[in-house]
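Coordinate analysis (summary)
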Amino acid sequence: MEHGLNPLDRSPGYPRRHRVTLVLLALGALLLASRLTWLTAIDGPEYRRAAQDNIASARRLQAPRGNIFDHRGQSLARSRKAYTLTYSRYGRSKTEVKATLNRLDALLAQGIADRYDEIIATRPSWTRHDLVENAPQESVTAILERPNDFRGVRIHETFRREYPHGTAFATVLGHVGRIPAERAETYRRPTYLPDATVGRSGLESRWEDRLVGKPGREALQRDARGRLLQQPLVERPALPGDDLVLTLDAAIQKAAYDALLGFHGAAVMIDVETGALRALASAPSYDPAAPWRQEADGQPVSFLNRAFQGRYPPASPFKAITGAAVLKDGHSPAETLYCSGSYTLRGWDRPFRCDGFHGPTALPRALQVSCNSYFYQMAEAIGGERIQREAAAFGLGRASGLDLPGERTGSLGSASPNTGETLNIAIGQGALLVTPLQMARAYCALANGGRLPVPHVVQAIRRADGTVEDKTPTGEERVLLPDSVRRPIVEGLSRVVETGGTAARADFPPEWDVCGKTGTGENGRGGVDAWFACFYPRSAPRYAVVVVVEDAPGHGGDIAAPIVRAIIAAERAQTERAQTEEAALAAAPSLP
């Protein structure tokens, strides 16, 4: 062997290129071992977390809207848990897709199998298709019990708004629907998603910020096949929206609405002291659960609440306000004016007519028999501006402060009415326009001695944590109404329901002690609107009630007064029922 030579250099089995390869392999193995050691010992925890994240996902938990109750705790609007089914064909053959859709069709019978061609044609294949809204609980249970038969079907838990009393409350409560495109920027994440359901009208819209809940979040762990590895972990629970407690009474509102069915009209019942509204009914109405339908209760739908959005000549119920202006101007309630069946202004060819020949008439009798001639002559004496000021003092011609959107104000006529206009205004005709709610508020003042309460339908907000926020409005307006003015007007209103009065045929029981005024006003469409406005009981007034019926087939005493009678009967039945329950509760033995 020559000095300094490696034996391998002379070996025919180990040429130089092999030696290089062995060295490179050794170096590679060393580098790989080093990297594996680094990944395992140093970066291992981070990669384990990343791997865990690959199978972790989050799911939004929808929050239910707050409920709406009447003042006795009856449910008026509520959110019921519902289920929406969606489907994705990703990773599934056409045969599997068809089989799954057929199984769903057999389960739900909603023509789901007919969508096969649409689903197959849709790209990309992972597109999720909405199949069924409001799926029945039993169908959802069947899908959950046989997941292998329904691969690609996903169940989404949602909430569906329900209105137990339907059309009777629709024009007060409103309805919910998808976010309108023109207001999309108003509804922001994370509270709202683009396809969220929001209040679209009425209280549902006015109190959206309180009724809407706060969505939650839960974490899901799935394997590569999408199966849950463990029960979802709630990271943030969904919080329901606040509840609204209304002043309305479900039974009274329903009675008012039912009595109006077949007519176009409105009814108001209001507490004369607090302004709490027990009824704010309007007909026709609409189905709040399906506001797109064109008919409800056999009539074309209407979204207008005529009680505070309809404007009408107030007709003869306004004569009580004209009477207040007359007495405040210094005239005596005993002063008599002669009614010959009409009254002619000097310089006018056409007489202003009265619906009777009443002879010598003072204020109480003028109200009892609704003598136009008396009020024509008094109006000429005191002037139209004096009557308009009195109407404004009673809250007419301006908003009442109602806590519902869309209240209309009405009109008191021209700034300086001429004599002919004045005579029309005196009997509630001409350019004078009011809402039924405004007239009800005016009759509150006649009942309680001059206080004009703020009408309201929201009594309180009950927060999700159980605390209660009182929403009763504070403050009130007043109209000067001394007893010398109020007493003869109330006397005349009391006679209206008695024998000889224009509401006698409505047959109000004497013990109800009703004080009211009928009205039959020309409406500008060639027809008449029937009115009845009242408060009761006279001895200790509690409620004012006003009803108006558009294009009525008769006079106020024949059409509107019987509707008021039905509303008062419902209120008295509710009151008696509550008193019986309270008495029974008080008599029950207390637990030790």
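Because the structure is predicted, anything quoted here is derived from the model rather than measured.

Bringing the overall build of the protein chain into the picture now. For the protein chain, the count of helices and strands is 19 helices and 25 strands. By sequence separation, contacts in the protein chain at least 24 residues apart represent 69% of the contacts at least 6 residues apart. Summed over all atoms, the accessible surface of the protein chain reaches about 29400 Å², with 51% contributed by carbon and sulfur.

Moving on, we get to unusual backbone geometry. Phi is mostly negative for residues that are not glycine, and the peptide bonds are mostly trans. At the junction of Arg 189 and Pro 190, the peptide bond is cis and its omega measures out at 0° in the coordinates. Structurally, Pro 190 is set in the loop between strand E6 (176-178) and strand E7 (197-199). With an omega dihedral of -20°, the bond running from Tyr 536 to Pro 537 counts as a cis peptide bond. Topologically, Pro 537 is positioned in the loop between strand E24 (528-536) and strand E25 (543-549). The backbone of Ser 370 sits at a positive phi, close to 60°, despite the residue not being glycine. For Ser 370, the position within the fold is in the loop between helix H13 (363-369) and helix H14 (372-382).

Take the confidence of the model for the protein chain next. Where the model shows low pLDDT, its predicted coordinates should not be examined in detail. Predicted confidence across the protein chain gives a mean pLDDT of 90, with 90% of residues reaching 70 or more. A low-confidence stretch, residues 4-11 (pLDDT under 50), is modelled with six contacts involving residues beyond four sequence positions or located in other chains.

This brings us to a nonpolar patch on the surface. A surface patch of nonpolar side chains, amounting to about 290 Å² of accessible area, comprises Val 23, Leu 24 and Leu 27. Tracing the backbone shows Val 23 in helix H2 (residues 16-41).

Right, let's talk about the packing of helix H10 (residues 250-260) against helix H19 (residues 560-587) for a bit. Relative orientation of the contacting elements H10 and H19 amounts to 160°, with a least axis distance of 9 Å. Taken as axis vectors, H10 and H19 run roughly antiparallel relative to one another. Where H10 crosses over H19, the two elements pack in a sense that is right-handed. Of the residues in H19, those touching H10 at Ala 251, Ile 252, Ala 255, Ala 256, Ala 259 and Leu 260 are Ile 563, Ala 566, Ile 567, Ala 570, Glu 571 and Gln 574. Among the residues making up the contact of H10 with H19, the classes are represented as 10 nonpolar, one polar and one charged.

In terms of nonpolar packing, the biggest core is built from 121 residues, with Leu 203, Leu 280, Ile 489, Phe 508 and Phe 532 touching the most fellow members. Looking at which element gives the most residues to this core, the answer is helix H17 (residues 436-448), with nine residues. Leave out the neighbours within four places in its chain, and Phe 508 touches Val 497, Ala 503, Val 514, Phe 532, Ala 561, Val 564, Arg 565 and Ile 568. Counting 18 residues, the second largest nonpolar core, distinct from the first, contains Tyr 83, Tyr 87, Leu 101 and Ile 143.

Take the sheet that holds E24 next. Strand order in the open sheet formed by five strands is E12-E11-E25-E24-E23, and the pairing between neighbours is antiparallel. In this open sheet, the two edge strands, each paired with only one partner strand, are strand E12 (277-283) and strand E23 (515-522). Each strand of the sheet is rotated relative to its neighbour by a mean of 5°, with strand direction disregarded. Here six bridges tie strand E11 (residues 265-271) to E12, and the two strands are oriented antiparallel to one another. Bridge pairing in E12 places Ala 267 opposite Ala 281.

With that settled, consider the side chain of Gln 574. As for its position among the elements, Gln 574 is in helix H19. Judged by its relative accessible area of 10%, Gln 574 falls in the buried class. Aside from chain neighbours lying at most four places away, what touches Gln 574 is Arg 72, Asp 249, Ala 251 and Ile 252.

Criteria and cut-off values
Residues numbered from 1 in each chain as written. Predicted model: local features only at pLDDT ≥ 70, side-chain atom pairs only at ≥ 80, totals over all residues. Heavy atoms only, no water. Helix = DSSP H or I, 4+ residues; strand = E, 2+ residues; numbered from the N terminus. Contact = heavy atoms within 4.5 Å. Areas by Shrake-Rupley, 256 points an atom, 1.4 Å probe, with all protein chains shown as cover. pLDDT = per-residue confidence, 0-100. Patch = residues over 30% accessible without salt bridge, like charges linked within 9 Å, V, L, I, M, F, W, Y side chains within 5 Å. Salt bridge = Lys/Arg side-chain N within 4 Å of Asp/Glu carboxyl O. Axes fitted to C-alpha atoms, helices over the stretch in contact; angles between N-to-C directions. Parallel < 35°, antiparallel > 145°, perpendicular 65-115°, else oblique. Left-handed = near helix turned anticlockwise from the far one by under 90°. Nonpolar A, V, L, I, M, F, W, Y, C, P; charged D, E, K, R; others polar. Core = buried A, V, L, I, M, F, W, Y, C linked by side-chain atoms within 4.5 Å. Buried < 20%, exposed > 50% of the residue type's maximum accessible area, 1.4 Å probe, protein only. Pairing = 2+ DSSP bridges.

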